[in-house]
Amino acid sequence: MFKKAVDAKSHQRLSGADRKKLRRNIRDRFSNASDALLDLLLPPKAELAVSKYPNRVLVYGLEGDCPLFFDVDGRGRDIFPTVYALWRVPELLPAFVLKGGEVSRFMLGGADLMFPGISIPSEGFPSFSAGEPWAVKVPGNPAAIAVGTTTMSSTEALKAGLRGKALKICHYYRDTLWESAENCHVPNAGFLEDVVFEDPALSMSSRASDSSEVDPSVDPGNVTNDNDMEEVIDADAASSGVGYPSTTQSDGADEVTVQFTNDLSELKVAETPVDESNTEGQHSLSVEEVDALLDKCLLQALHTTIKEKDLPIPGSTFWSSHVLPCRPPGITLDIKKSSHKKLSKWLQAKASGGLISVKEDKHKKEVILFSVNRNHPDYLFYKPEKKKVDKTGPSTSNASNEEQLQKTLEVFEVYKPSVHVNPIFASVGAETSRLYTASEASEIVFQYVEKENLVKPSNKSTVTLDATLCDALFKGAIKKGSTYPTEIHKKDLGQTFIGRMQAHHCVIRGNDTVVRRGALKPVQIMTERRQGNKKMTKLSGVESFLLDAEALSSELQKKFACSTTVAELPGKKGKEVLVQGGVIDDLARYLVEHYGVPKRYIEVLDKTKR
């Protein structure tokens, strides 16, 4: 798919709705894609970009970073991680292991993976279905070298005697997608120009631990015989003109051994020095020290960043946005190196001690942090550490604080229970006078379903509607004479329930918070012609984002070195700022970068181009 270089038709940032859709598609596609893993690959605060190619392929990644996911048909159904993504999160995909590193030459030449080239583990052949995404690895190297889809199920493969094509390769190391990254890199020294062998660092450490063992890279079980090697090369790929290395099979074994030894010797000589100060802080911590560091970061987060309005909060969000930022500088905090091994077990252990209260979301399969016991002895006796402030002078500090205050903007939707859904809230004991986020509202309706045991026994993904739930979802929304539905799919239940509530929006800038009814109205920027060939840019709706029109007008006058005025909007509440000249794009960019207004809330109209 990425054998030939093709230029992208367009590059653009993802909107908030598209980000959520991408995360949802990835979560549905990969069973191992938890919220914590997705936050590692697609951080919530980072800007995501999508590149569109002429063959309908969409490539997603962080702006200025490596490509992380690609969509084969642009419809969200065939999404695959790139090798860059698998190097960061190896557990995202299951992987086939090759019989030897030499087989990787054919993968990197564009051939598909054949069953004779796969090493069968001692516990037996893995189970899989046709059309599943799988990765490919080399023995002794934890980093993936390719990604593809299975051509048949494991049952069909066993019936065929493990012959034929196993994986149709979509993307591999050193193809044009890998090269499209601004900073192409490899995960370890085992990745060479046209072949991938075991990681020398791992092999040297294993040899040092047990020098009497035979090198597994020359184990007969890991070396492909001549007959199997012929079938590793996909006939279709070979006939299509894919170039393969010129190494012949007659002297291949000896030449490979000599070449591999030379490569390792060269790697040892050219080995780059490692920053010992950094690795010492990351690898010298014992299990007890990691547990203590976890507890310290937890208490620091509970004291400094977690407020009552933030609760309840998903465990993965709590970990990435609150616990990790509290770790000491230069230290990598890995939950797997603790005695708990998993985030959910760690939070449940803290809950059993009474410091926090958690609950497992059975639908999302994630632990939710519900409340904090601020009277707990551990919380009371902990003294939070103060962040060090760089004292560069009072004027600089005040200016930076003011600028940060301008940029700090939070916008999110909240919902208030209506007369339609009040019985559902009352049934589960939830308040009907407060505002709820979308996830909280969905949790309420699923609590009701669990309480009334409405999940259909024959189909766990379907909910049977009783009279109360049916009225809450559809009363007044279905025409008279039409039949009311008797069941609903779980994936549609939450969104339908939220649609029956009153929509509100909350805007937070610095210390100011405003909650208004209805959807948030965007900022409107419009450029039009005046007398002669003069242009005028109109800016309205800034009050929705807690910006003062008068102060903004004065600032824009200095920023763009032009005259500005403020006028009352005719027949409406609010004011509009008139800026001389056609600065529509610069003005939109300034609102995003300086005041933190999300792009999706900016409407731009240039009447001069009509």
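Cut-offs and rules
Residues numbered from 1 in each chain as written. Predicted model: local features only at pLDDT ≥ 70, side-chain atom pairs only at ≥ 80, totals over all residues. Heavy atoms only, no water. Helix = DSSP H or I, 4+ residues; strand = E, 2+ residues; numbered from the N terminus. Contact = heavy atoms within 4.5 Å. Areas by Shrake-Rupley, 256 points an atom, 1.4 Å probe, with all protein chains shown as cover. Pairing = 2+ DSSP bridges. Axes fitted to C-alpha atoms, helices over the stretch in contact; angles between N-to-C directions. Parallel < 35°, antiparallel > 145°, perpendicular 65-115°, else oblique. Left-handed = near helix turned anticlockwise from the far one by under 90°. Nonpolar A, V, L, I, M, F, W, Y, C, P; charged D, E, K, R; others polar. Buried < 20%, exposed > 50% of the residue type's maximum accessible area, 1.4 Å probe, protein only. Arc of directions from axis to C-beta. Salt bridge = Lys/Arg side-chain N within 4 Å of Asp/Glu carboxyl O. Expected span 1.5 Å × (residues − 1). Core = buried A, V, L, I, M, F, W, Y, C linked by side-chain atoms within 4.5 Å. Disulfide = S-S within 2.5 Å. Polar contact = N/O pair within 3.5 Å; in protein donor to acceptor, adjacent residues only side chain to side chain. pLDDT = per-residue confidence, 0-100.

Looking at an unreviewed UniProt entry, one finds the protein named SUI1 domain-containing protein, with Anisodus tanguticus as its source organism.

Asker: Now, about the overall build of the protein: what can you tell me, with residues and values included?
Answerer: Each helix and strand in the protein was counted, giving 22 helices and 23 strands. Taking the contacts inside the protein whose residues are at least 6 apart along the sequence as the reference set, 59% of them involve residues at least 24 apart. As displayed, the protein has an accessible area near 33700 Å², and 51% of this comes from carbon and sulfur atoms.

Asker: For the sheet that holds strand S23 (residues 602-606), give the residues involved together with the corresponding values.
Answerer: On the basis of which strands lie adjacent, the open sheet formed by five strands has the order S21-S22-S20-S19-S23 and mixed pairing. Where the open sheet ends on each side, the last strands, each with one partner, are strand S21 (564-568) and S23. Between one strand axis and the next, the sheet turns by 20° as a mean value, whatever way the strands run. Relative to strand S22 (residues 575-580), S21 runs antiparallel, the two sharing five bridges.

Asker: Go over the packing of helix H18 (residues 438-452) against helix H20 (residues 490-499), please, and point to the residues and values.
Answerer: Following both chains from N to C, one finds H18 and H20 inclined at 120°, their axes separated by 9 Å at the closest point. Considering their axes alone, H18 and H20 lie oblique with respect to each other. Along this stretch, H18 crosses H20, giving a crossing that reads as right-handed. Packed against H18, whose contacting residues are Ala438, Ala441, Ser442, Val445, Phe446 and Val449, the element H20 presents Lys490, Leu493, Gly494, Phe497 and Ile498 at the interface. For the contact of H18 with H20, the class distribution of residues is eight nonpolar, two polar and one charged.

Asker: Quick one: what's the story with the pairing of strand S2 (residues 48-52), residue by residue and with numbers?
Answerer: With respect to burial, S2 is a largely interior element, four of its five residues being buried. Inspection of the sheet shows strand S1 (residues 10-13) paired to S2 by four bridges, in the antiparallel sense. Paired with His11 across the bridge in S2 is Ser51. Sheet topology note: the S2/strand S3 (residues 58-62) ladder contains five bridges and is antiparallel. When the bridges of S3 are listed, Ser51 appears paired with Val59. Two successive antiparallel strands, S2 and S3, enclose a turn made up of five residues, where Arg56 displays a positive phi of approximately 75°.

Asker: Would you mind going over helix H14 (residues 343-352) in detail, with residue names and values included?
Answerer: Taken together, the buried positions of H14 are occupied by Leu343, Trp346, Leu347 and Lys350. The arc that holds every buried residue of H14, seen down its axis, measures 95°, which confines them to one face. Its buried side turned inward, H14 meets helix H12 (287-304), helix H13 (315-323), strand S12 (356-361) and strand S13 (366-372). Downstream of H14 by a residue or two, Gly354 has a phi angle that is positive, lying close to 90°.

Asker: Report on the pattern of salt bridges, specifying residues and quantitative values.
Answerer: By the definition in use, this model includes 19 salt bridges. Notably, a salt bridge pairs Arg374 with Glu308, separated by 2.9 Å at the nearest N-O pair. Residue Arg374 is found in the loop between S13 and helix H15 (377-381), and its partner Glu308 is found in the loop between H12 and strand S11 (313-314); the two are separated by 66 residues along the sequence. For Glu528, the salt bridge identified is with Lys538, shortest N-O distance 3.1 Å. In this pair, Glu528 sits in strand S19 (residues 523-529) while Lys538 sits in strand S20 (residues 535-540), placing the two residues 10 residues apart along the sequence.

Asker: Which residues make up the sheet that holds strand S5 (residues 79-81), and what values do they have?
Answerer: Pairing is antiparallel in the open sheet, where five strands are placed in the order S1-S2-S3-S4-S5. The two strands at the open ends of the sheet, each matched to only one other strand, are S1 and S5. Averaged over all pairs of adjacent strands, the angle between their axes in this sheet comes to 25°, without regard to strand direction. The strands touched by helix H1 (residues 16-29) within the sheet are S2, S3, strand S4 (67-71) and S5, with S5 carrying the most contacts at an inclination of about 80°.

Asker: Could you give me a rundown of helix H22 (residues 584-595), with the residues and numbers involved?
Answerer: An ideal rise of 1.5 Å per residue puts 16 Å on 12 residues; H22 measures up with 16 Å between its terminal C-alpha atoms. Inspection of H22 places Ile584, Leu587, Ala588, Tyr590, Leu591, His594 and Tyr595 among the buried residues, and these make up the whole buried set. Each buried residue of H22 sits inside an arc of 160° when the element is viewed along its axis, so together they form one side. Away from the buried face of H22 by more than 90 degrees, exposed residues Asp585 and Glu593 are located. One or two residues past the end of H22 sits Gly596, with phi positive at roughly 70°.

Asker: Can you lay out the nonpolar core for me, pointing to particular residues and giving the numbers?
Answerer: One finds Leu22, Ile26, Leu42, Phe69 and Leu92 to be the most contacted residues of the largest nonpolar core, which totals 33 residues. Broken down by element, the residue count for this core peaks at four residues, all from S3. Not counting chain neighbours up to four residues away, the residues in contact with Leu42 comprise Leu22, Arg23, Ile26, Leu48, Leu62, Leu68 and Phe69. If you look at the next biggest cluster of nonpolar residues, it comprises 32 residues, including Leu113, Phe125, Tyr173 and Phe191.

Asker: Tell me about the packing of H13 against H14, residues and numbers included.
Answerer: The contact between H13 and H14 brings their axes to 10 Å, and the two run at 85°. Classed by the angle they form, the pair H13 and H14 counts as roughly perpendicular. Listed contacts from H14 to Gly315, Ser316, Phe318, Trp319 and Val323 of H13 are Leu343, Trp346 and Leu347. Residue composition of the contact of H13 with H14, by class: six nonpolar, two polar and no charged.

Asker: Requested: an account of the state of the cysteines, with residues and values cited.
Answerer: Taken as a whole and assessed by the stated rule, the structure comprises zero disulfides. Here Cys297 is not disulfide-linked; the sulfur of Cys326 is the nearest cysteine sulfur, at 6.3 Å. Overall, Cys297 belongs to the buried group, its relative accessible area being 1%.

Asker: Residues and numbers for the environment of Ser51, please.
Answerer: Residue position: Ser51 is located in strand S2. Once residues lying within four places of it in the same chain are set aside, the contact partners of Ser51 are Ala8, Ser10, His11, Val57, Leu58 and Val59. Separated by 2.7 Å, the side chains of Ser51 and His11 make a polar contact.

Asker: Quick one: what's the story with the confidence of the model for the protein, residue by residue and with numbers?
Answerer: With 82% of its residues at a pLDDT of 70 or more, the protein has an overall mean of 80. Note that pLDDT drops below 50 for residues 212-283; the model gives that stretch 76 contacts with residues more than four away or on any other chain. Scored below 50 in pLDDT, residues 388-402 shows zero contacts in the model against residues more than four places distant or in partner chains.

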